[in-house]
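Spelled out from the first residue to the last, the chains are:
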Amino acid sequence: MAKMQSLYDYLLKEKPPAIIQTGDFNSTSPLFWDGEIKETTEGKILSDFMMVNGLEQLIDEPTHFMDGCVPTCVHLILTNNPRVFVNSGVIPSPDDHCKHQIIHGNLNLSVPCPPPYERKIWKYHLADADMIKQSIKLINWDVFLQNKSVDEMSRCFTETLLKIRERYI
């Protein structure tokens with residue numbers, strides 16, 4: 001997984017319109033397919049990789065049928081940009097004795113890259129750390145977060161810290 005992460009990070013630096021990873025991953029997870037019953041250790045590791053990197057899995061049906069076993073989805077198409085796919089799916093194997101099905105995906109290579117977006121660049125070397133700390137200490141957090149749901153508390157906390165940092169960075 002370290003090599004896979006390293007490769008993915010390298011590819012991101014090239015700024016391609018999409019990164020696509022596909023194949024038989026020999027792992028199962030409900031994150032890959034809703035009908036999956038169990039998550040293997042390998043499936044957990046791969047699903048964590050997907051979550052950290054914002055990847056989507058496009059195959060939504062079983063791809064592996066072993067005699068006497070529950071069907072699983074081990075053949076995957078992972079991508080950071082599902083918009084480039086016109087469609088994807090599973091084709092039954094032409095060999096009746098084969099337990100593996102064929103996955104496919106059609107790409108629309110004329111899909112433009114996502115639009116650019118504005119980012120805030122923080123110049124931490126200009127920060128007034130003492131004022132940031134003092135501003136945070138002045139807030140009565142118990143009162144400030146009182147009677148709020150967890151989501152509201154998280155939003156208020158984040159917005160408040162960002163406002164303080166915008167002022168002193």
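Placed above this text is the structure.
It should be emphasised that the depicted structure is a prediction, and the values quoted were computed from it without experimental measurement.

### So, the overall build of the protein chain
Line of reasoning, step 1. Within the protein chain one finds five helices and five strands.
Line of reasoning, step 2. Mapped in sequence order, the helices and strands of the protein chain form the string α-β-α-β-β-β-β-α-α-α.
Line of reasoning, step 3. Its C-alpha radius of gyration of 23 Å places the protein chain more than 25% over the 15 Å reference for a compact globule of 169 residues.
Line of reasoning, step 4. With respect to the principal axes defined by its C-alpha atoms, the protein chain has extents near 70 × 40 × 30 Å.
Line of reasoning, step 5. A buried classification covers 28% of the 169 residues belonging to the protein chain.
Line of reasoning, step 6. Within the protein chain, contacts between residues separated by at least 24 positions form 55% of all contacts whose residues are at least 6 apart in sequence.
Line of reasoning, step 7. Here the protein chain has roughly 12000 Å² of accessible surface; of this, 56% comes from carbon and sulfur atoms.
Line of reasoning, step 8. Side-chain charges of the protein chain comprise 17 positive and 22 negative groups, with the mean position of each set lying 14 Å from the other.

### Examining the layout of surface pockets
Line of reasoning, step 1. Put simply, the largest pocket is a space of about 370 Å³.
Line of reasoning, step 2. Forming the boundary of the largest pocket are Leu12, Lys15, Pro16, Pro17, Asn80, Asn81, Arg83, Cys113, Pro114, Pro115, Pro116 and Tyr117.
Line of reasoning, step 3. Its residues placed into classes, the lining of the largest pocket shows eight nonpolar, two polar and two charged.

### Remarks on the packing of helix α1 (residues 2-13) against helix α2 (residues 41-53)
Line of reasoning, step 1. Contact geometry for α1 and α2: axes closest at 12 Å, N-to-C directions at 20 degrees. Put simply, α1 runs roughly parallel to α2. Here α1 runs over α2; the crossing is right-handed. Residue-level inspection shows Met4, Gln5, Tyr8 and Asp9 of α1 in contact with α2, the latter providing Leu46, Phe49 and Asn53.
Line of reasoning, step 2. When its residues are assigned to classes, the contact of α1 with α2 shows four nonpolar, two polar and one charged.

### What about the pattern of salt bridges?
One side chain can pair with another of opposite charge once the charged atoms of both are near each other.
Line of reasoning, step 1. Taken as a whole and assessed by the stated rule, the structure comprises three salt bridges.
Line of reasoning, step 2. Between glutamate 166 and lysine 120 there is a salt bridge whose closest N-O contact spans 3.9 Å. Highlighted residues: glutamate 166 in helix α5 (residues 150-168) and lysine 120 in the loop between β5 (102-107) and α3 (129-138), separated in sequence by 46 residues.
Line of reasoning, step 3. Classification of glutamate 166 by relative accessible area gives partly exposed; the value is 44%.
Line of reasoning, step 4. Glutamate 159 is the salt-bridge partner of arginine 155, the closest N and O atoms lying 3.5 Å from each other. Here the residue arginine 155 and the residue glutamate 159 both occupy positions in helix α5, the gap between them amounting to four residues, near one helical turn.

About the criteria used
- Residues numbered from 1 in each chain as written.
- Predicted model: local features only at pLDDT ≥ 70, side-chain atom pairs only at ≥ 80, totals over all residues.
- Heavy atoms only, no water.
- Helix = DSSP H or I, 4+ residues; strand = E, 2+ residues; numbered from the N terminus.
- Rg over C-alpha atoms; globule rule 2.2 N^0.38 Å.
- Buried < 20%, exposed > 50% of the residue type's maximum accessible area, 1.4 Å probe, protein only.
- Contact = heavy atoms within 4.5 Å.
- Areas by Shrake-Rupley, 256 points an atom, 1.4 Å probe, with all protein chains shown as cover.
- Lys, Arg positive; Asp, Glu negative; His and termini not counted.
- Charge placed at Lys NZ, Arg CZ, Asp CG, Glu CD.
- 1 Å grid on protein atoms, 1.4 Å probe; cavity = no way out; pocket = protein on both sides within 12 Å on 5 of 7 lines; lining within 4 Å.
- Points joined across faces, edges and corners; volume = space filled by probe spheres on them.
- Nonpolar A, V, L, I, M, F, W, Y, C, P; charged D, E, K, R; others polar.
- Axes fitted to C-alpha atoms, helices over the stretch in contact; angles between N-to-C directions.
- Parallel < 35°, antiparallel > 145°, perpendicular 65-115°, else oblique.
- Left-handed = near helix turned anticlockwise from the far one by under 90°.
- Salt bridge = Lys/Arg side-chain N within 4 Å of Asp/Glu carboxyl O.

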